Protein chains: 2
Amino acid sequence: MALRSKFDPELQGLSKNFRLTKCTGLHGGGCKVPREVLQKLLEDFGQSQYKEEHFMGGMIMPRLGIGMDTCVIPLRFGGLSLLQTTDFFYPLVDDPYMMGKIACANVLSDMYAMGVIECDNMLMLLGVSSKLSETERDVVVPLMIRGFKDCADVAGTSITGGQTVLNPWCLIGGVGTSVCQPNEFIMPDNAVPGDVLVLTKPLGTQVACVAHQWLDQAADKWNRIKLIINEEECEKSYHDAMFIMSRLNRTAAQLMHRYGSHGATDITGFGILGHAQNLVKQQRNEVNFIIHNLPCINKMAAVAKACGAMFGLLQGTSAETSGGLLICMQREEAAKYCTEIKKIDGHQAWIIGIVEKGDRTARIIDKPRIIEVETLDDGTVQSIPPVTTTRRSSQIKPQITTPLKQPRLETSEPVSAHMDQAVSSAPSQEIPITTVTSVHDGEVAELTQIDGTVQLLQCGDQFQQQQAVGQVQYQQ
Amino acid sequence: MALRSKFDPELQGLSKNFRLTKCTGLHGGGCKVPREVLQKLLEDFGQSQYKEEHFMGGMIMPRLGIGMDTCVIPLRFGGLSLLQTTDFFYPLVDDPYMMGKIACANVLSDMYAMGVIECDNMLMLLGVSSKLSETERDVVVPLMIRGFKDCADVAGTSITGGQTVLNPWCLIGGVGTSVCQPNEFIMPDNAVPGDVLVLTKPLGTQVACVAHQWLDQAADKWNRIKLIINEEECEKSYHDAMFIMSRLNRTAAQLMHRYGSHGATDITGFGILGHAQNLVKQQRNEVNFIIHNLPCINKMAAVAKACGAMFGLLQGTSAETSGGLLICMQREEAAKYCTEIKKIDGHQAWIIGIVEKGDRTARIIDKPRIIEVETLDDGTVQSIPPVTTTRRSSQIKPQITTPLKQPRLETSEPVSAHMDQAVSSAPSQEIPITTVTSVHDGEVAELTQIDGTVQLLQCGDQFQQQQAVGQVQYQQ
């Protein structure tokens, strides 16, 4: 994939200092009202609406309310349901066209999380920044609209309405709606112990965008991270993030049907942990979600770490925009799912965690593995192949712990406050993962084809029979 | 109707100076991007999507796109259509609960304009102002949400999702969606010459809100109008405006089916003339809309006039929020419609203009009649009964021009820039309308029962047979 040339304001007749991201004080999914505040503010709606069975002419129709990606409303006609979602936010990239695409992909992602492939209609929500000059407005807004529309075209849907207001900050988003037969969507509440968690896009979009803003506009802040990434790497990660965010999760949604998804959500403003927590609360079965791997845009884990608590990327709380789907599936199916998504779209998906018996909580293990991810020249998104010859990795003697005699994964302690340190002791870009050759039930061969880094876990009740394949232990 | 007691910030634990309307720089429907700018920005969508026939399994399905209140999307199932609308804006009243109701009523109004009675789902869009303190936020936002929800309850629908973001300005709105059979909605494109135009709520909501803000917070501006209205009148018109805006157009929509609406729109940010122009452009037949009467919240015409070109109320360009429906109907049916709406809801509706042959333009006549409207103690909205004993009206010798030998109504000149002057010479609150006794085909008796002020016009081609009933001419 040729790099999309950077948005040049001057080429568009604007001042060279024009930055779309200056038209807001908050960026992308990070503009969400904090989850606990939101729940407090929305408590008027009560829990009763949250999820309820709805009797409709003798049929039990699912109904899903506030809190999840997409609401499901039983209709008066022939067992049909209305699935609907809305999302809007502020610019987090400076390329208006890409910003439009990202906004559209982000709205549709909520539908895809429900397995909905056909969006019957989109509305576009637009806030035109009152800070824009007339010239800027006439350049920037049509570009954003075109990006939004082009993305809708790719998704096979169209935009037939919306609302446009003046606002201090530039604002873009939309509403997606689909009327579906029962087999056209997947309720996100059927995870069972033994399932694994799949993620279809890497994390770190917010970190990449903010780091790029620092490089571009805030030398003092850039100085905090310039020993971690150089300018070229920063530009690359920003570019990668833009394309990752503008990509549709449509194939991911299609394959959820083929490989039997038990429920999914998409990762946006509350970070992977926040959305995992939302999803696990929806479950009919008493389960927990345990996240072991964090696929991140290359270098973003290190940047986040260098910034202390600012991003929360490694804690799973860093906001994402138009992130991947987080899907619960049987682990055998998950492997096939990842293989197939790669075959169709070229992009990698990752098995990042497990579903076990529990009390409907989600957490990240104490020492999650960071999987570094980059976009290749052909435009596909892949885990970075293992580095086996670096000075540091040569100092590390990997101890393959397969099969494990002892459970490797903590099952009870909360997400550690010392996670940074844990990551520090195991810089993932240097994990010599190619040394993993063990197989478990013949599945690893397939899984290592998928991403070269996946941990496959067999989880019985209480982890009695837990085994980890490919878990790497460091001796330093 | 007992007056709703004024929102008292101190009773809610807030500073006595707290004003919701300070959390925005623009207010209500006035936040819309100007119509011509919007059309320019949206031109990417092309006219092709604007309205097109859509062939669907042998059926011709209507499809309505950007520009009208509600989009109509043919679905894949059984001749069903998806009708959908969105609207959001900024606080224009200081009572958070009423603001929530208004926002909800405003969204639903778009559906009602299409004759849709049942809204299958609502999403709520919320921008929590970053200017609010935590205390303010925890008081104000739940009140707004409750108002929104209560209004949705009255409308028989529910809110099952939405998006909440932080924003410099407080923002509230929603998305309404209905899946309809063909007979459940009315396409707004079938006006024919000879129809009349009905309006279901008075104009002047923006003027009333702004005047009240001046009284409350801007003594210099208040001084400009304090000779026109006193404080009590200002409080009353503000209170009336709040209730008018929070009222649903649902009965108005129901009766559109019974009395054969040929098409309708609701009056919001572009003012009555702007929305009339939008509606007339949608028509299949070559028609014009001519507006003769402007029902306005009491005193608002005079306030607007005193403020020069600021509001455009008399020019039909003053923004409204959650305004009335503007409906094209056969005139006989319109009379029955107005009678029935009054019977059911208690509120008056007005015949305000005519549909004639033309080139799809809308205009207000040079000297429109201002109908002063107030909310009575029982909560119903009515034209103010004629004042026959004022000093001024006693100076005026009404000349009943019925039947006219000459056409009374201009048919070609644009809306006059001197309309203020025209109104000035005919202060409507003093129109001795009770002197109108002429009948035309026996209909006036019925019409004067409706509002006491209506002009009924019989319009043939080119006004060859035009006759005005009840047209009052002043000799000064």
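Rules behind the numbers
- Residues numbered from 1 in each chain as written.
- Chains lettered and ligands numbered in written order.
- Predicted model: local features only at pLDDT ≥ 70, side-chain atom pairs only at ≥ 80, totals over all residues.
- Heavy atoms only, no water.
- Helix = DSSP H or I, 4+ residues; strand = E, 2+ residues; numbered from the N terminus.
- Buried < 20%, exposed > 50% of the residue type's maximum accessible area, 1.4 Å probe, protein only.
- Contact = heavy atoms within 4.5 Å.
- Areas by Shrake-Rupley, 256 points an atom, 1.4 Å probe, with all protein chains shown as cover.
- Pairing = 2+ DSSP bridges.
- Axes fitted to C-alpha atoms, helices over the stretch in contact; angles between N-to-C directions.
- Phe/Tyr/Trp six-rings, centres within 6.5 Å; stacked < 30°, edge-to-face > 60°.
- Salt bridge = Lys/Arg side-chain N within 4 Å of Asp/Glu carboxyl O.
- Least-squares fit on C-alpha atoms with pLDDT ≥ 70 in both.
- Nonpolar A, V, L, I, M, F, W, Y, C, P; charged D, E, K, R; others polar.
- pLDDT = per-residue confidence, 0-100.
- Expected span 1.5 Å × (residues − 1).
- Parallel < 35°, antiparallel > 145°, perpendicular 65-115°, else oblique.
- Left-handed = near helix turned anticlockwise from the far one by under 90°.

**Describing the overall build of chain A**
Working step 1: Assigned secondary structure in chain A consists of 13 helices and 18 strands.
Working step 2: A buried classification covers 64% of the 476 residues belonging to chain A.
Working step 3: Put simply, 82% of the contacts in chain A that link residues at least 6 apart link residues at least 24 apart.
Working step 4: In the form shown here, chain A has an accessible surface area of approximately 17100 Å², with 48% of it arising from carbon and sulfur atoms.

**A word on the sheet that holds strand β9 (residues 263-266) of chain B**
Residues and elements named next belong to chain B.
Working step 1: The strand order across the open sheet built from seven strands is β9-β11-β8-β12-β10-β13-β14, with neighbouring strands paired in mixed fashion. Each of the sheet's edge strands pairs with one partner strand only, and the pair in question is β9 and β14 (381-383). Neighbour to neighbour, the strand axes of the sheet diverge by 30° on average, direction disregarded.
Working step 2: The pairing of strand β10 (residues 287-297) with strand β12 (residues 350-357) spans five bridges and is classified as antiparallel. Note on β12: the bridge partner recorded for N288 is E356.

**Brief notes about the packing of aromatic side chains**
Working step 1: In the structure shown here, the tally under the stated rule is seven aromatic pairs over all chains.
Working step 2: Note on F88(A) and F88(B): the rings are 6.3 Å apart at their centroids and 5° apart in plane angle, and the pair reads as stacked. Taken as a pair, F88(A) in strand β4 (residues 81-89) and F88(B) in strand β4 (residues 81-89) lie in two separate chains rather than in one. Of the two residues, F88(A) and F88(B), both sit in the buried class.

**Quick look at the pattern of salt bridges**
Residue and element names in this part refer to chain B.
Working step 1: In the structure shown here, the tally under the stated rule is 24 salt bridges over all chains.
Working step 2: Across the pair R19 and D216 runs a salt bridge, and its minimum N-O distance is 2.5 Å. Of the two residues, R19 sits in the segment before α1 (35-41) while D216 sits in helix α4 (residues 205-217), which places them 197 residues apart along the sequence.
Working step 3: On the basis of relative accessible area, R19 is assigned to the buried category, the value being 18%.
Working step 4: A relative accessible area of 29% places D216 in the partly exposed class.
Working step 5: Between D189 and R284 there is a salt bridge, and its shortest N-O distance comes to 2.9 Å. Note that D189 is positioned in the loop between β7 (171-180) and β8 (195-199) and R284 in the loop between α8 (271-281) and β10, a separation of 95 residues in sequence.

**Quick word on the relation of the copies chain A and chain B**
Working step 1: With an axial shift of 0.0 Å and an RMSD of 0.0 Å, the rotation relating chain A to chain B amounts to 180°. Taken together, these values place the two copies in the relation of a two-fold axis. Taking C-alpha positions as reference, the residue of chain A nearest the rotation axis is P168(A), located at 3.4 Å.
Working step 2: The overlap is high: 100% of the interface residues of chain A also sit at the interface in chain B, so the same surface is used on both sides.

**Quick look at the interface of chain A and chain B**
Working step 1: Residue-level contacts link 64 residues of chain A with 64 residues of chain B.
Working step 2: Put simply, chain A and chain B have four salt bridges between them.
Working step 3: Between R76(A) and E184(B) there is a salt bridge; the shortest N-O distance is 3.0 Å.
Working step 4: If you list the elements that add at least two residues to the side of chain A that touches chain B, you get α1 (35-41), β2 (59-64), β3 (71-74), β4, β5 (121-129), α3 (134-154), β6 (159-167) and β7 (171-180) of chain A.
Working step 5: If you tally residues by element for the side of chain A that touches chain B, the top one is β6(A), at nine residues.
Working step 6: In terms of residue class, the side of chain A that touches chain B is built from 35 nonpolar, 16 polar and 13 charged.

**Things to note about the sheet that holds strand β10 (residues 287-297) of chain A**
All names here are of chain A.
Working step 1: The seven strands are arranged β9-β11-β8-β12-β10-β13-β14 in an open sheet whose pairing can be described as mixed. At either end of the open sheet lies a strand with only one pairing partner, and these are β9 (263-266) and β14 (381-383). Across the sheet, the mean angle from the axis of one strand to that of its neighbour is 30°, orientation sign disregarded.
Working step 2: Of the strand pairs in this sheet, strand β8 (residues 195-199) and strand β12 (residues 350-357) are connected by four bridges, and their pairing is antiparallel. Residue pairing across strands places L197 opposite G353, the latter belonging to β12.
Working step 3: Across the sheet, helix α2 (residues 96-113) touches β9 and β11 (325-330), and the angle it forms with β9 is around 170°.

**Considerations on unusual backbone geometry**
Working step 1: The phi dihedral of R360(A) is positive, around 65°, even though this residue is not glycine.
Working step 2: By the element assignment, R360(A) lies in the loop between β12 and β13 (362-375).
Working step 3: Look at R360(A) and you get partly exposed, because its relative accessible area is 26%.
Working step 4: Of note in this structure, K299(B) is not a glycine but carries a positive phi near 80°.

**A look at the environment of P96(A)**
Working step 1: Locating P96(A) in the fold gives a position in helix α2.
Working step 2: Sequence-wise, P96(A) and V140(A) are 44 residues apart; in three dimensions their C-alpha atoms are separated by 5.9 Å.

**Digging into the confidence of the model for chain A**
Residue and element names in this part refer to chain A.
Working step 1: Looking at chain A, pLDDT values average 78 and 72% of them are 70 or higher.
Working step 2: Confidence drops under pLDDT 50 across residues 46-66; counting only partners more than four residues distant or on other chains, this segment forms 63 contacts.
Working step 3: For residues 390-476, every residue scores under 50 in pLDDT, and the model assigns this stretch 179 contacts once sequence neighbours within four places are set aside.
Working step 4: The ipTM for the predicted assembly is 0.71, set against a pTM of 0.75.

**As for α3(A)**
Three or four residues apart is the spacing at which side chains of an α-helix point the same way, because the helix has 3.6 residues per turn.
Working step 1: Given a rise of 1.5 Å per residue, 21 residues ought to cover 30 Å, and the 30 Å separating the end C-alpha atoms of α3(A) matches this to within 8%.
Working step 2: One or two residues past the end of α3(A) sits G156(A), with phi positive at roughly 75°.

**Regarding the environment of L197(A)**
Working step 1: When you line up the elements, L197(A) lands in strand β8.
Working step 2: Sequence spacing of L197(A) and Q282(A) is 85 residues, and the spatial spacing of their C-alpha atoms is 15 Å.

**With respect to the packing of helix α7 (residues 250-258) of chain A against helix α10 (residues 331-345) of chain A**
All names here are of chain A.
Working step 1: Running from N to C, α7 and α10 point in directions that differ by 140°, and their axes come no closer than 10 Å. When the interaxial angle is binned, α7 and α10 end up oblique. The way α7 lies across α10 gives a crossing that is right-handed. Seen from α7, the contacting residues are T251, A252, A253, L255, M256 and R258; seen from α10, they are E333, Y337, E340, I341, I344 and D345.
Working step 2: Taken together, the residues of the contact of α7 with α10 break down into seven nonpolar, one polar and four charged.

**Points about the packing of α2(A) against α3(A)**
All names here are of chain A.
Working step 1: One way to put it is that α2 packs onto α3 with a least axis distance of 6 Å and a crossing angle of 40°. Comparing the axis directions of α2 and α3 gives the class oblique. Between α2 and α3 lies a crossing of right-handed hand. Here P96, Y97, M99, G100, K101, A103, C104 and A105 of α2 come into contact with α3, specifically with V140, L143, M144, R146, G147, F148, D150, C151 and A152.
Working step 2: Taken together, the residues of the contact of α2 with α3 break down into twelve nonpolar, two polar and three charged.

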